[in-house]
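Understanding the architecture of this molecule
Here is how the chains run, residue by residue.
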Amino acid sequence: MKKLLALLLVAAMSISMVACGGSASSSAASSEAGSEAASSEAASSDVKIGVCIYQFADNFMTLYRNDIKADLEALGYKEGTNFTMVDGANDQAKQTEQIDSFIAEGVDVLIVNLVQSTSASTIIEKAKAADIPVVFINREPTAEDLALYDKCCYVGADARQSGTFQGEIIAATENKGDFNGNGTVDYAMIMGDPENVDAQYRTEYSIKALEDAGLKVNKLYEQRADWDQTKGQENAANVLSQFNDEVDVIFCNNDAMAMGALQAIEAAGRKVGEDIYLVGVDALEEAVQAVAAGRMTGTVLNDDVSQAQTAVDAAVRYLKGEANDKNYTIDYVKVTPENAADYIK
């Protein structure tokens, strides 16, 4: 009750001090950011938020967690006092222990980037028993899992869209992805964690987009590289040594692996855009620069800024005793040489 009263007082003070206006945004969900910030300029000093990231070393999640940190601090929350961010080190058992510790500490809300999406139901049941709301980010629980608790929601992007955009980028090339002229797109797929729904959907829908465009496809190679640049390089080197100039396209489920693949492509004497195509996902800065320079065919923007703001907005609504929708989806955006300059930070 003390925390709720403090938050209501903050909201009343903020309304009297701030004139709310429209906010330009890439999605309907994130367009609420301005109003949420306006109603929460200062934070109740005893609010506690636990933020669990699957792995700090992940390039994209580094951007995402830094965005969350900045958004929370902009609302007046202090790291170490009002919120704590922990590294799951890609170990679900470790992350579950971290969540147990947050629950024992009595946090008011959890923001969770799961190590394994299949662990969502376990986390939800723990949080529900303690009456602690949960905002899941980046790795999506099933609809059945989200239905287990009225105080949990998911903020993310539809990975099917990202895969579709990868395929459409290749289908839009001059030779429609067929460098060797055999009438078939001969491709290699470098996957993230195959248990992760994002990896599954990006793998499936990138190829579906080619088939939907009426193109014939031939899978030469498919292996996991766990979102890692070094493993991406190793896998690309493998496929190029096995199939050499048979490979028309290398699809990577994220940009970290794509940057590794680019190293292998260039080391093998191949050149993107001249005898091979390469696409990734996330629009990491180095990948966007590679696209702008013609060293990558394209990538797909995974909007960390809008997702982080939407996740913080959802957490604030839970703190205020308000409800959230079950899902907040942020659109992906194709990044190609034609528009890459717009996405260089």
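Scroll up for the structure.
First, a word on scope: everything that follows refers to the structure included in this document.

Moving on, we come to the sheet that holds strand E11 (residues 327-329). A sheet is described by the order of its strands in space; here 6 strands give the open sequence E2-E1-E3-E4-E5-E11, paired in parallel fashion. Either end of the sheet is taken by a strand with one partner, and the two such strands are strand E2 (83-87) and E11. In this sheet, adjacent strand axes meet at a mean angle of 15° when their direction is disregarded. Here strand E1 (residues 49-53) runs beside E2; their pairing, made up of 5 bridges, is parallel. From the neighbouring strand, Ile-53 faces E2, where its bridge partner is Asp-87. Seen against the sheet, helix H3 (residues 59-74) touches E1, E2, strand E3 (109-112), strand E4 (134-137) and strand E5 (152-156) and runs at an angle of roughly 170° to E2.

Turning our eyes to something else, we now look at the sheet that holds strand E6 (residues 185-191). Two modes of strand pairing occur in sheets, parallel and antiparallel, and in both the strands are linked by backbone hydrogen bonds. Taken in spatial order, the 4 strands make up an open sheet running E7-E6-E8-E9, and their pairing is parallel. Two strands lie at the open edges of the sheet, namely strand E7 (217-224) and strand E9 (277-279), each paired on one side alone. Here the average twist between neighbouring strands, direction ignored, is 15°. Judged from the 3 bridges that link them, strand E8 (residues 249-252) and E9 form a sheet pairing that is parallel. Residue pairing in the sheet places Val-249 in a bridge with Tyr-277 of E9.

Let us look at the state of the cysteines. Tallied over the entire structure, the rule returns 0 disulfides. There is no disulfide at Cys-152, and the cysteine sulfur nearest it, in Cys-153, is 7.3 Å away. Taking relative accessible area as the criterion, Cys-152 reaches 1% and is therefore assigned buried.

Conventions adopted
Position numbers for residues start from 1 in each chain and track the written sequence from start to end. Residues qualify for local features only when their pLDDT is at least 70, as the model is predicted, and side-chain atom pairs are given and counted only at 80 or more; totals for whole chains, interfaces and linings, by contrast, use all residues. Where side-chain values are given, they derive from all heavy atoms of the structure, hydrogens and water being excluded. Strand pairing follows a simple DSSP-based rule, namely that at least 2 bridges must link the two strands. Numbering of helices and strands runs from the N terminus; a helix is a DSSP stretch of H or I covering at least four residues, while a strand is a stretch of E covering at least two. Here the axes come from fitting lines to C-alpha atoms, over the contacting stretch only for helices, and the angles between their N-to-C directions go from 0 to 180 degrees. Should any heavy atoms of two residues lie within 4.5 Å, those residues are counted as being in contact. Cysteine sulfur pairs qualify as disulfides if the two atoms are within 2.5 Å. Using a 1.4 Å probe on the protein chains alone, a residue whose accessible area is under 20% of its type maximum counts as buried, one over 50% counts as exposed, and one in between counts as partly exposed.

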